[in-house]
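Commentary on secondary and tertiary structure
Residues per chain are reported as follows:
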There are 2 protein chains.
Amino acid sequence: MKIVLLGYGNVAQQLVRAFLQSEEVEVVQIYNRTPISQPPISHCTTALSELKQADVYIIALPDDVIGEFSDQLPFENRLVVHTSGSVSMEQLLDKNRRGVFYPLQTFSKERAIEMQTVPICLEAEFEKDFEVLKELGGCISEKIVEINSEKRRKLHLAAVYVNNFTNHLYRISEEITETESLDFALLKPLIFETAKKMDTLTPSEAQTGPAKRKDVKTIENHLQQLNEVQENGSLDPSAAQLYELFTKSILNTYHGKKL
Amino acid sequence: MKIVLLGYGNVAQQLVRAFLQSEEVEVVQIYNRTPISQPPISHCTTALSELKQADVYIIALPDDVIGEFSDQLPFENRLVVHTSGSVSMEQLLDKNRRGVFYPLQTFSKERAIEMQTVPICLEAEFEKDFEVLKELGGCISEKIVEINSEKRRKLHLAAVYVNNFTNHLYRISEEITETESLDFALLKPLIFETAKKMDTLTPSEAQTGPAKRKDVKTIENHLQQLNEVQENGSLDPSAAQLYELFTKSILNTYHGKKL
């Protein structure tokens, strides 16, 4: 199966790495607006006019340029997909056959992802194209799922909570430890175990802490601690607001307190 | 080194399991208010009057009963520690030599914890007792740190963010996926990778998402999605409030927006 990658950001780089490990997939070309400094294959281009023939064209670009970029493709009736969680399939121009190839994971340059475990969420306008995407996805991942644009957006929203917001909680903890001259690394085994618990427990089963226990004394003590940390450094005021809102939300979830 | 465990909840059970694997530690007795159904050692008691001689007495009981319980111990001038992150050492009655043995981890009955990687935070009134606790901690963990009551409280507060609050974010995601008939398991590789990133990146380096990118269009789209999920099911209203507060906080952190 021949594919062309359009864009070479974090997602594209991890996809190319995975595709190159598969014998069934040939990455015939990578397009990027600017020259790629360390290209993983020799056939790279910065000119859309030079795009080669392929079975699937994968647009891995920022959400806000996907639609416009698909307009500029100098061909018709080929299979063109994007990799975004929050952009609908319909935002691709319909002169080509459209689809979505969304790997549900967080990608950063510094970390190689084992793509085998990453769910690939697929959507296609036409049944035969869906089969092509399924085959392509199956070359790099064990987890292939069909999800339409409407559901994919919801999944992406849920992903923001467990990834972006969770990471921001790590950041707040880091601020607390730094302000108090404590080592943030002390929290890492806890961070890992909190995630690993999801292997065997539901979030409700795994929930612990003062709000879950309705332990008002400890909650008040924590709010006092937050004040002290704020006085000792530059903790963002939203840290305390988040403490209160989480506490309300957990109380509401497990003790039926109305907000 | 001889120890007696006082209480047999999640923390005590994991500690006993770890101590029993160490050749240098002898768990001479476990006290519990009610009989233990599957005792890991034969010497268990429900009577404080039957407590045996030991080098360290470890109170592993809920925060709000630790002080009162320490009053009831029928001996003096022995080394008595508690295992709590948020209770100060001074809440133990001073008729005994006091200390703290706080394993910084989340413990649940269902999951065996590898204690070797768990930081054990120690505090003691007397230097020689600190050395005893250091030796005891070293028998089960590679990570022993001295942390006083004031700092330990701050560490415990930081732990609430990365554990209790993070887990509640998992719960909200689960509610979103359940309402939309999506499989929560699709998010698990993302949950694990979000945590694992802390191995090699700081929280700031790892932060991604619409608020970090200042991508107002996606943020508005997500708030609209949240409305739809709320209409489709019984999503707690605090989910949307948390979305807004996190977004403000991330914008403030990375783009200097005032709240």
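Residues numbered from 1 in each chain as written. Chains lettered and ligands numbered in written order. Predicted model: local features only at pLDDT ≥ 70, side-chain atom pairs only at ≥ 80, totals over all residues. Heavy atoms only, no water.

1. With respect to the packing of helix H4 (residues 149-179) of chain A against helix H9 (residues 238-255) of chain B
- Between H4(A) and H9(B), whose axes approach to 11 Å, the crossing angle comes to 50 degrees. The angle between H4(A) and H9(B) places the two elements in the oblique class. Where H4(A) crosses over H9(B), the handedness of that crossing is left-handed. Where H4(A) approaches H9(B), its residues Leu157(A), Val160(A), Tyr161(A), Asn164(A), Phe165(A), His168(A), Leu169(A) and Arg171(A) are matched on the opposing element by Ala239(B), Ala240(B), Tyr243(B), Phe246(B), Thr247(B), Ser249(B), Ile250(B), Thr253(B) and Tyr254(B). (Axes fitted to C-alpha atoms, helices over the stretch in contact; angles between N-to-C directions. Helix = DSSP H or I, 4+ residues; strand = E, 2+ residues; numbered from the N terminus. Parallel < 35°, antiparallel > 145°, perpendicular 65-115°, else oblique. Left-handed = near helix turned anticlockwise from the far one by under 90°. Contact = heavy atoms within 4.5 Å.)

2. Observations concerning the packing of aromatic side chains
Residue and element names in this part refer to chain A.
- Considering all chains together, one arrives at 15 aromatic pairs over all chains under this definition.
- Measuring from centroid to centroid gives 5.1 Å for tyrosine 161 and phenylalanine 165, while their planes differ by 75 degrees, and the two rings are edge-to-face. Of this pair, tyrosine 161 and phenylalanine 165 both sit in helix H4, 4 residues apart, roughly one helical turn.
- Of the residues examined, tyrosine 161 reaches a relative accessible area of 0% and is grouped as buried. (Phe/Tyr/Trp six-rings, centres within 6.5 Å; stacked < 30°, edge-to-face > 60°. Buried < 20%, exposed > 50% of the residue type's maximum accessible area, 1.4 Å probe, protein only.)

3. Side note on the interface of chain B and chain A
- Counting residues at the interface gives 92 residues for chain B and 92 residues for chain A.
- Summed over both partners, the interface of chain B with chain A comes to about 9,100 Å²; 64% of that surface belongs to carbon and sulfur atoms.
- Its largest share of buried area at the contact with chain A, chain B owes to Arg111(B), Tyr161(B) and Leu186(B), together 8% of the area lost on that side.
- Summed over the shared surface of chain B and chain A, the number is 6 salt bridges.
- Lys154(B) serves as the salt-bridge partner of Glu228(A), at 2.8 Å between the closest nitrogen and oxygen.
- Here chain B and chain A share 46 residue pairs in polar contact (both at pLDDT 80 or more) between them.
- Those elements giving two or more residues to the side of chain B that touches chain A turn out to be helix H4 (149-179), helix H5 (188-196), helix H6 (203-206), helix H7 (210-213), helix H8 (216-232) and H9 of chain B.
- Per element, the largest residue contribution to the side of chain B that touches chain A is 26 residues, and it comes from H4(B).
- Here the residues of the side of chain B that touches chain A sort into 43 nonpolar, 30 polar and 19 charged. (Buried area = accessible area lost by both parts, 1.4 Å probe. Salt bridge = Lys/Arg side-chain N within 4 Å of Asp/Glu carboxyl O. Polar contact = N/O pair within 3.5 Å; in protein donor to acceptor, adjacent residues only side chain to side chain. Nonpolar A, V, L, I, M, F, W, Y, C, P; charged D, E, K, R; others polar.)

4. Here we look at the pattern of salt bridges
- Applying the stated criterion to the full structure yields 22 salt bridges over all chains.
- Across the pair Arg153(A) and Glu150(A) runs a salt bridge whose closest N-O atoms are separated by 3.0 Å. Highlighted residues: Arg153(A) and Glu150(A), both in helix H4, separated by 3 residues, approximately one helical turn.
- Judged by its relative accessible area of 35%, Glu150(A) is partly exposed.
- We note a salt bridge from Glu175(B) to Arg171(B), for which the minimum N-O separation is 3.5 Å. Taken as a pair, Glu175(B) and Arg171(B) lie in helix H4 at a separation of 4 residues, close to a single helical turn.
- Owing to a relative accessible area of 13%, Glu175(B) belongs among the buried residues under this scheme.

5. Some remarks on the pairing of strand E6 (residues 97-103) of chain A
Residue and element names in this part refer to chain A.
- Most of E6 is tucked away: 7 of the 7 residues are buried.
- Bridge count between strand E5 (residues 79-82) and E6: 4 bridges; the pairing is parallel. Bridge assignment links valine 81 to a residue of E6, and that residue is glycine 99.
- When E6 meets strand E7 (residues 120-124), the two strands line up antiparallel, connected through 5 bridges. Bridge pairing in E7 places valine 100 opposite glutamate 123. (Pairing = 2+ DSSP bridges.)

6. With respect to the relation of the copies chain B and chain A
- Laying chain B over chain A is done by rotating through 180 degrees and shifting 0.0 Å along the axis; what remains is an RMSD of 0.0 Å. Here the two chains are linked by the operation of a two-fold rotation axis. Nearest to the rotation axis, the C-alpha of Thr166(B) is located 2.7 Å from it, this being the minimum over chain B.
- By residue overlap, the copies meet face to face through one surface: 100% of the interface positions of chain B are interface positions in chain A. (Least-squares fit on C-alpha atoms with pLDDT ≥ 70 in both.)

7. Some details on the sheet that holds E5(A)
Residue and element names in this part refer to chain A.
- Here 8 strands make up an open sheet; going across it, the order is E3-E2-E1-E4-E5-E6-E7-E8 and the pairing mixed. Each end of this open sheet is capped by a strand with a single partner; those strands are strand E3 (44-45) and strand E8 (144-146).
- Bridge count for E7 against E8 is 3 bridges, and the pairing is parallel. When the sheet's bridge partners are listed, cysteine 121 is paired in E8 with valine 145.

8. Some details on the sheet that holds strand E5 (residues 79-82) of chain B
All names here are of chain B.
- Read from one edge to the other, the open sheet built from 8 strands follows the order E3-E2-E1-E4-E5-E6-E7-E8, with strand pairing classed as mixed. Among the strands making up the open sheet, the edge pair consists of strand E3 (44-45) and strand E8 (144-146).
- Judged from the 2 bridges that link them, strand E2 (residues 26-31) and E3 form a sheet pairing that is parallel. Considered in E3, the bridge of tyrosine 31 is made with threonine 45.
- Contacting strand E1 (2-6), strand E4 (56-59), E5, strand E6 (97-103), strand E7 (120-124) and E8, helix H3 (residues 127-140) runs over the sheet at an angle of about 165 degrees to E7.

That is the geometry; function is a separate question.
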